[in-house]
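# What the coordinates show
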Amino acid sequence: MICVICKTGECFPGTTHFTQMLKEKLVVVKNVKANICQNCGEAYFDSDTVKYIQTKTNEAISNQEDVELFNV
Ligand SMILES: [Zn+2]
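As a starting point, this report considers the structure included with it. (Residues numbered from 1 in each chain as written. Predicted model: local features only at pLDDT ≥ 70, side-chain atom pairs only at ≥ 80, totals over all residues.)

## Considering the overall build of the protein chain
When helices and strands are tallied, the protein chain shows one helix and four strands. In the protein chain, the succession of α and β elements from N to C terminus is β-β-β-α-β. Taking all 72 residues of the protein chain together, the buried fraction comes to 11%. Pairs at least 24 residues apart make up 55% of the contacts formed inside the protein chain by residues separated by at least 6 positions. (Helix = DSSP H or I, 4+ residues; strand = E, 2+ residues; numbered from the N terminus. Buried ≥ 20, exposed ≤ 12 C-beta atoms within 10 Å, placed from the backbone. Contact = placed C-beta atoms within 7 Å.)

## Remarks on helix α1 (residues 47–63)
Counted at 1.5 Å a residue, the expected span for α1 with its 17 residues is 24 Å, and the 25 Å between its end C-alpha atoms agrees. Little of α1 sits out of view: just one of its 17 residues are buried. (Expected span 1.5 Å × (residues − 1).)

## Quick notes on the pairing of strand β1 (residues 11–22)
In terms of residue burial, β1 counts as a barely covered element, since only one of its twelve residues are buried. Where β1 lies against strand β2 (residues 25–37), eleven bridges are found, and the strand directions are antiparallel. If you follow Phe 18 over to β2, its bridge partner there is Val 29. Counted along the chain from β1 to the antiparallel partner β2, the turn is two residues long, and its residue Lys 23 has a positive phi close to 50°. (Pairing = 2+ DSSP bridges.)

## Some remarks on the nonpolar core
For soluble globular proteins, nonpolar side chains are generally found buried alongside one another. Judged by nonpolar contacts, Phe 18, Val 27, Val 29, Val 32, Ala 34, Ile 36, Cys 37 and Ala 60 together constitute the single largest core of eight residues. With six residues, β2 is the largest single contributor of residues to this core. For Cys 37, the contacting residues outside a window of four places in its chain are Cys 3, Ile 5, Cys 6, Gly 9, Cys 11 and Glu 42. (Core = buried A, V, L, I, M, F, W, Y, C linked by C-beta atoms within 7 Å.)

## Quick notes on the environment of Leu 26
Position of Leu 26 among the secondary structure elements: in strand β2. In this structure the C-alpha to C-alpha distance between Leu 26 and Ala 60, which are 34 residues apart in sequence, comes to 9.3 Å.

## Quick word on unusual backbone geometry
Positive phi is not limited to glycine here, since Lys 7 has a value of about 60°. With respect to the element layout, Lys 7 can be found in the segment before β1. When the 10 C-beta atoms within 10 Å are taken as the criterion, Lys 7 is described as exposed. With phi around 55°, Asn 31 is a residue other than glycine that occupies positive phi space. Of note, Asn 31 is situated in strand β2.

Put into structure tokens, the structure is as follows:
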């Protein structure tokens with residue numbers, strides 16, 4: 001697929017780190033499967049991966065840590 005952000009890059013399967021600020025905490029989910037644009041680096045997640053990210057993010061919130069790191 002062609003990247004919708006830069007409209008020139010092609011996306012290939014790979015892994016990335018998903019980072020999000022949530023309630024003044026940094027949540028990092030490491031080694032997440034994604035389709036990644038070879039030009040600008042934008043990552044696209046499928047619905048299963050989004051669910052996985054949400055689960056890990058909720059765990060991070062309940063753990064009350066400033067930074068949480070996760071491995072797949
Ligand atoms: Zn792109």
